[in-house]
Amino acid sequence: MVTDDTVPSAPMATPANRADQRALIERVRRGDSSAHRALYEAHVDRVYRLCYRLTGTEHLARELTQDTFVRAFGAIEGFRGDSAIETWLHSIAVSVSLNELRRRKREHARNAPLEEALMIPKASPRSDPVMREKLMAAVNELPEGCRTVFMMHDAEGFTHQEIAASLGVTEGTSKAQLNRARGKLRVALAEYAEEWKS
Amino acid sequence: MNDRIDFGPDDDMPPMSDAEFDAWLTRVAPKLNAPSATPRGEMWKVIETAARTSSDAQAGRIPGVTPIRRHWRLLSLIAAALLIGVGVDRMALRREREQRVAATPAATVPARADSADPSGLYRLAAAQTFTQAEALLVAYRASDAPGRDPQDLRQLGSWGRQVLSSTRLLLDSPAGRDPQLRALLDDLELVLVQIIRHSGAPLDTTDRALIDRALQDSRLLPRIRTAVPSPIPADASSD
């Protein structure tokens, strides 16, 4: 799915709101339902956006966001506070999203009809939306990790620090994967160079 | 978590970056898979219901569902450890016996599956539970037929409790570390709890729609069918 939108900036983590978050998590652990709701309200937008970016459909983004929070509430006892709560939630969201995409990919590989492969348009794109469709198709062909880093950084505006923490990799790996993704996309879109150079 | 993400092979590094392309990409990328407005309220309702069902089951607030309390968890862990111990012991005995048989030229040993392997035993137990669960879910679907005896629903509940016990034992076993299997068992537990919860009386349309939605969303039946690849041999669990 390709639509116009702007990228929201990441919330700033100050010591004061870190302390608030710790108190909130404590209340969630004690089973305070209003705290569950407050935690959800504080983080749902970014989790939903992340799931949407990775999956591209509203239906899936909803399901995976719900799954992320149900799992998070169920496992909150195990959250040790080594990372920020939003990082922990994002890592769950990435994990459930990638698992679902893998499952769908396997299923699709079994069921994909031949006509679908024959329907890929060959004509040269002349408009920005068509070019974006081409780009999206190329993004979907990237290796899983590469694609995740690209969508988190270039599409959703995560910093390398946030990506590294969410994926459990170093910032260097995140940067390298982003460069790799951009390079692969440039190669994939080479025949349309006049479009992106104009 | 990095071990679970596929970054692809490292030997296909593309050429150096191109500032012009990167600038275009930075401009266009935010428009890829651009999210719609967050449906906060609708998602919260589902999350709240799922979280409440799970905590009610754990707290024993659902009639007919006995929660596995801490000491039962401990006992199930001990049982699993014993099972693994017995398995290892049997494996060692079998090897010894095979060595003795090999030393006797005239003897013949029939080929058979090694059921003493702990992970093999776990998978066997999981396969049996999934077979039961599949049958139960199919029976649940059939219980929608008009004119069904309410006694059938009660039997479905009692059957569901047995499958739920097996599911929880599998969830608590240290041998069950496969994340995909765990996710399937988690989803199965949730649906079983919902079925048991409503088994005392005929389901109204809302209750049934909720259970059907959970079944549909988690694609439980197809996943269970995938998890049980082939029929279990009748003698697989006996020695």
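Computed from a predicted model, the values in this text were never measured in an experiment. Counting starts from 1 at the beginning of each chain's written sequence and moves along it residue by residue. Think of it this way: whatever chain is written first is A, whatever ligand is written first is 1, and the rest follow in order. Totals for whole chains, interfaces and linings use every residue, but because this is a predicted model, local features are given only for residues with pLDDT of at least 70 and side-chain atom pairs only at 80 or more, for both listing and counting. Just so you know, side-chain values use all the structure's heavy atoms and leave hydrogens and water out.

(A) Spotlight on the overall build of chain A. Working definition: helices are DSSP H or I runs of at least four residues, strands are E runs of at least two. Numbering for both runs from the N terminus. Per the secondary structure count, chain A includes ten helices and zero strands. Residue contacts are counted whenever heavy atoms from the two residues lie within 4.5 Å of one another. Looking at chain A alone, contacts between residues at least 24 apart form 65% of all its contacts between residues at least 6 apart. Only the protein chains shown count as cover for residues, and the accessible areas themselves come from Shrake-Rupley with a 1.4 Å probe. Here chain A has roughly 9,700 Å² of accessible surface; of this, 54% comes from carbon and sulfur atoms.

(B) Spotlight on the overall build of chain B. Within chain B one finds eight helices and zero strands. Burial status across chain B gives 36% buried among its 239 residues. Taking the intrachain contacts of chain B between residues at least 6 apart in sequence as the baseline, contacts between residues at least 24 apart amount to 75%. Carbon and sulfur atoms make up 57% of the accessible area of chain B, which amounts to about 13,900 Å² in all. Burial status follows relative accessibility: with a 1.4 Å probe on protein chains alone, a residue under 20% of its type maximum counts as buried, one over 50% as exposed, and anything between as partly exposed.

(C) Just the packing of aromatic side chains, in detail. Geometry of aromatic contacts follows a simple scheme: Phe, Tyr and Trp rings, the Trp one being its six-membered ring, pair when their centres are within 6.5 Å, and the pair is stacked under 30 degrees between planes, edge-to-face over 60, tilted otherwise. For the structure on display, the rule yields seven aromatic pairs over all chains. Summarising the aromatic geometry, the rings of A:Tyr40 and B:Trp44 are spaced 4.9 Å apart at their centres and angled 45° between planes, so their arrangement reads as tilted. Here the residue A:Tyr40 occupies a position in helix H2 (residues 33-55), and B:Trp44 occupies one in helix H2 (residues 40-59), the pair thus bridging two chains. No difference in accessibility class separates A:Tyr40 from B:Trp44, as the two residues are buried. Of the aromatic side chains, those joined through ring pairs into one cluster are A:Tyr40, A:Phe69, A:Phe73 and B:Trp44. Across the ring face of A:Phe158, the terminal group of A:Arg46 is positioned such that the distance to the ring centre comes to 4.1 Å. To sit over a ring, a charge needs its Lys NZ or Arg CZ within 6 Å of the ring centre and within 35 degrees of the ring normal.

(D) The arrangement of the packing of H2(A) against helix H3 (residues 58-74) of chain A in detail. All names here are of chain A. Interaxial angle, 0 to 180 degrees, is taken between N-to-C directions of lines fitted to C-alpha atoms, where a helix line uses only the stretch in contact. One way to put it is that H2 packs onto H3 with a least axis distance of 8 Å and a crossing angle of 140°. Put simply, H2 runs oblique to H3. The two elements H2 and H3 cross, and the hand of that crossing is right-handed. Packed against H2, whose contacting residues are His 36, Leu 39, Tyr 40, His 43, Val 44, Val 47, Tyr 48, Cys 51, Tyr 52 and Thr 55, the element H3 presents Glu 58, Leu 60, Ala 61, Arg 62, Leu 64, Thr 65, Thr 68, Phe 69 and Phe 73 at the interface. In terms of residue class, the contact of H2 with H3 is built from twelve nonpolar, five polar and two charged. Between 65 and 115 degrees an angle is taken as roughly perpendicular, under 35 as roughly parallel, over 145 as roughly antiparallel, and anywhere else as oblique. The handedness criterion is simple: a crossing whose near helix is rotated anticlockwise from the far helix by less than a right angle is left-handed, and one whose near helix is rotated clockwise is right-handed. Charged residues are taken to be Asp, Glu, Lys and Arg, nonpolar residues to be Ala, Val, Leu, Ile, Met, Phe, Trp, Tyr, Cys and Pro, and polar residues to be all remaining types, Gly included.

(E) Helix H8 (residues 160-167) of chain A, seen in detail. Turning to H8(A), its buried residues number three or more, namely A:His160, A:Ile163, A:Ala164, A:Ser166 and A:Leu167. Immediately downstream of H8(A), the backbone of A:Gly168 shows phi near 75°, a positive value.

(F) Looking closely at the nonpolar core. The biggest cluster of nonpolar side chains holds 64 residues, and the ones touching the most others in it are A:Leu135, A:Val139, A:Phe150, A:Leu185 and B:Trp24. Per-element accounting of this core gives the leading share, ten residues, to H2(A). The contact partners of A:Phe150, leaving out residues within four places of it in the chain, are A:Val139, A:Ala155, A:Leu178, A:Ala181, A:Leu185, B:Leu25, B:Ala29 and B:Leu32. Only buried residues count toward a nonpolar core, which is a set of Ala, Val, Leu, Ile, Met, Phe, Trp, Tyr and Cys residues joined through side-chain atoms within 4.5 Å. One finds B:Tyr122, B:Leu137, B:Leu170 and B:Ile224 within the second-largest nonpolar core, a separate group that totals 27 residues.

(G) Structural context of the pattern of salt bridges. For this analysis, a salt bridge means a side-chain nitrogen from Lys or Arg found within 4 Å of a carboxyl oxygen belonging to Asp or Glu. This model, assessed by the stated rule, comprises 17 salt bridges over all chains. For the salt bridge of A:Arg62 with B:Glu42, the shortest nitrogen-to-oxygen distance reads 2.6 Å. Separated into two different chains, A:Arg62 in helix H3 and B:Glu42 in helix H2 make up a pair that spans both. Residue classification places B:Glu42 among the partly exposed positions, given a relative accessible area of 45%.

(H) Geometry of helix H7 (residues 144-155) of chain A. Residues and elements named next belong to chain A. For H7, which comprises twelve residues, the first-to-last C-alpha distance of 15 Å matches the rise-based estimate of 16 Å (1.5 Å per residue) to within 8%. Counting buried residues along H7, eleven of its twelve residues qualify, which places the element largely inside the surrounding structure. Along H7, the positions that sit buried rather than exposed are Glu 144, Gly 145, Cys 146, Arg 147, Thr 148, Val 149, Phe 150, Met 151, Met 152, Asp 154 and Ala 155. Of the residues trailing H7, Gly 157 is marked for its positive phi of about 80°. Here the expected span of a helix is defined as 1.5 Å times the quantity of residues minus one.

(I) Expanded view of the interface of chain B and chain A. The partner chain A presents 66 residues to the 45 residues of chain B that form the contact. Two parts placed together each lose some accessible area; with a 1.4 Å probe, that loss summed over both constitutes the buried area. The junction of chain B with chain A conceals about 5,200 Å² of combined surface from both sides, 58% of it contributed by carbon and sulfur atoms. Linking chain B to chain A there are three salt bridges. Between B:Arg40 and A:Glu41 there is a salt bridge; the shortest N-O distance is 2.0 Å.

(J) Spatial organisation of the packing of H2(A) against H7(A). Residues and elements named next belong to chain A. Two elements in contact, H2 and H7, have axes whose closest approach is 10 Å; the angle formed by their N-to-C orientations is 125°. The angle between H2 and H7 falls in the class oblique. Two packed elements cross with a definite hand, and for H2 against H7 that hand is right-handed. Of the residues in H7, those touching H2 at Leu 50, Arg 53 and Leu 54 are Arg 147, Thr 148, Met 151, Met 152 and Ala 155. Of the residues belonging to the contact of H2 with H7, the class tally is five nonpolar, one polar and two charged.

(K) Here's a closer look at the side chain of A:Thr55. The topology assignment puts A:Thr55 in helix H2. For A:Thr55, a relative accessible area of 14% puts it in the buried group. Not counting residues up to four positions away in its chain, the partners in contact with A:Thr55 are A:Leu60, A:Ala61, A:Leu64, A:Ser97, A:Leu101 and B:Asn33.

(L) The confidence of the model for chain B, seen in detail. The quantity called pLDDT is the predictor's confidence in a given residue, expressed from 0 to 100. When the pLDDT values of chain B are averaged, the result is 71; 58% of them are 70 or greater. Ignoring residues within four places in sequence, the model shows residues 106-115 of chain B, a span with pLDDT below 50, making ten contacts including any to other chains.

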